[in-house]
Amino acid sequence: MRSRGAAPRRYPRSARVNEVLREVIADALERVGDDEQKRLRVITVTAVQCDPDLRRATVLYATLGNEQEAATALDELRVRLQAAIAREVRLKRTPQLAFQADPAILAGRKVEDLLRHSPRPPHQEPADLFDTYRSIEDVD
């Protein structure tokens, strides 16, 4: 039961939990040691999708480096990241983390590659504004 002066929730609890988990994981990745830092230097946590029962969470990430190397590094740090969540977030359960490259980022890269490698139309000079205006006057 909500008290009288309480503001209504703007978005559901699951979205708030996902955002908090994303922030905690991103902060924990910034604080990793020098050995892992080389492999994790260019990883961005884009989203977290937690199950409603809080048992599992999928961490979506993007990287500018080697995709396989990033996946291996994240899997090796999984237990430390779960420990960081347990320390910093008050939840009924600490979710078991799984990592997946963000499909939206991958799709964007494919589109960018297609655009970059598509044949370009022959170069055309832009129409002269004065000529365009004169041709409109000729029609009248």
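All values derive from a computational prediction rather than experimental measurement.

Looking at this structure, I do not really get the environment of Gln49. What am I missing?
Inspection of the secondary structure puts Gln49 in strand E1 (residues 43-50). Remark: the alpha-carbon pair of Gln49 and Leu21, spanning 28 residues in sequence, is separated by 9.1 Å.

What's the story with the pairing of strand E2 (residues 56-63) in this structure? I'm lost.
Counting buried residues in E2 gives 6 out of 8 residues, a clear majority hidden from the surface. As defined by bridge partners, E1 adjoins E2 across 7 bridges and the pair is classed as antiparallel. Looking across to E2, one finds that Gln49 is bridged to Thr58. A loop of 5 residues connects E1 with E2, the two strands running antiparallel in sequence, and Leu54 in this loop sits at a positive phi of about 65°. Bridge analysis of E2 against strand E3 (residues 96-101) gives 6 bridges, and the strand direction is parallel.

Whenever I open this one, the layout of surface pockets confuses me. Can you help?
One simple way to see leftover space: roll a probe sized like a water molecule over the atoms. Estimated volume of the largest pocket: approximately 160 Å³. Surrounding the largest pocket, 10 residues form its lining, Ala26, Leu29, Glu30, Leu40 and Ile43 being those nearest its centre. Every element with two or more residues in the lining of the largest pocket is listed here: helix H1 (13-30), helix H2 (34-40) and E1. With 4 residues, the single largest contributor to the lining of the largest pocket is H1. Among the residues making up the lining of the largest pocket, the classes are represented as 5 nonpolar, 2 polar and 3 charged.

Explain the nonpolar core here, please?
The tendency in soluble globular proteins is for nonpolar side chains to be buried as a group. In terms of nonpolar packing, the biggest core is built from 27 residues, with Ile25, Leu29, Leu40, Leu81 and Leu97 touching the most fellow members. Element by element, the count of residues in this core is highest for helix H3 (residues 67-88), at 7 residues.

Would you mind going over the sheet that holds E1 with me for this structure?
Strands in a sheet are paired, the pairing made by backbone hydrogen bonds, and the direction either parallel or antiparallel. With mixed pairing, the 3 strands of this open sheet are ordered in space as E1-E2-E3. One side of each edge strand has no neighbouring strand; the edge strands of this open sheet are E1 and E3. In this sheet, adjacent strand axes meet at a mean angle of 30° when their direction is disregarded. Sitting on the sheet, H1 is in contact with E1, E2 and E3, with an inclination near 150° to E1.

Mind showing me how you'd approach unusual backbone geometry here?
Working note: non-glycine residues mostly have negative phi, and peptide bonds are mostly trans. Its identity is not glycine, yet Leu54 carries a phi of approximately 65°, on the positive side. Here Leu54 lies in the loop between E1 and E2.

Quick question: what am I supposed to make of the side chain of Thr63 here?
Note on placement: Thr63 falls in strand E2. Exposure remark for Thr63: the relative accessible area of 2% places this residue in the buried category. Side-chain polar atoms of Thr63 contact the backbone oxygen of Val42, separated by 3.3 Å. Reaching out from Thr63, the side chain makes a polar contact with the backbone nitrogen of Gly65 at a distance of 3.0 Å. Beyond its immediate sequence surroundings of up to four residues, Thr63 is in contact with Val42, Ile43, Ala70 and Arg109.

Quick notes on the rules
Residues numbered from 1 in each chain as written. Predicted model: local features only at pLDDT ≥ 70, side-chain atom pairs only at ≥ 80, totals over all residues. Heavy atoms only, no water. Helix = DSSP H or I, 4+ residues; strand = E, 2+ residues; numbered from the N terminus. Buried < 20%, exposed > 50% of the residue type's maximum accessible area, 1.4 Å probe, protein only. Pairing = 2+ DSSP bridges. 1 Å grid on protein atoms, 1.4 Å probe; cavity = no way out; pocket = protein on both sides within 12 Å on 5 of 7 lines; lining within 4 Å. Points joined across faces, edges and corners; volume = space filled by probe spheres on them. Nonpolar A, V, L, I, M, F, W, Y, C, P; charged D, E, K, R; others polar. Core = buried A, V, L, I, M, F, W, Y, C linked by side-chain atoms within 4.5 Å. Axes fitted to C-alpha atoms, helices over the stretch in contact; angles between N-to-C directions. Contact = heavy atoms within 4.5 Å. Polar contact = N/O pair within 3.5 Å; in protein donor to acceptor, adjacent residues only side chain to side chain.

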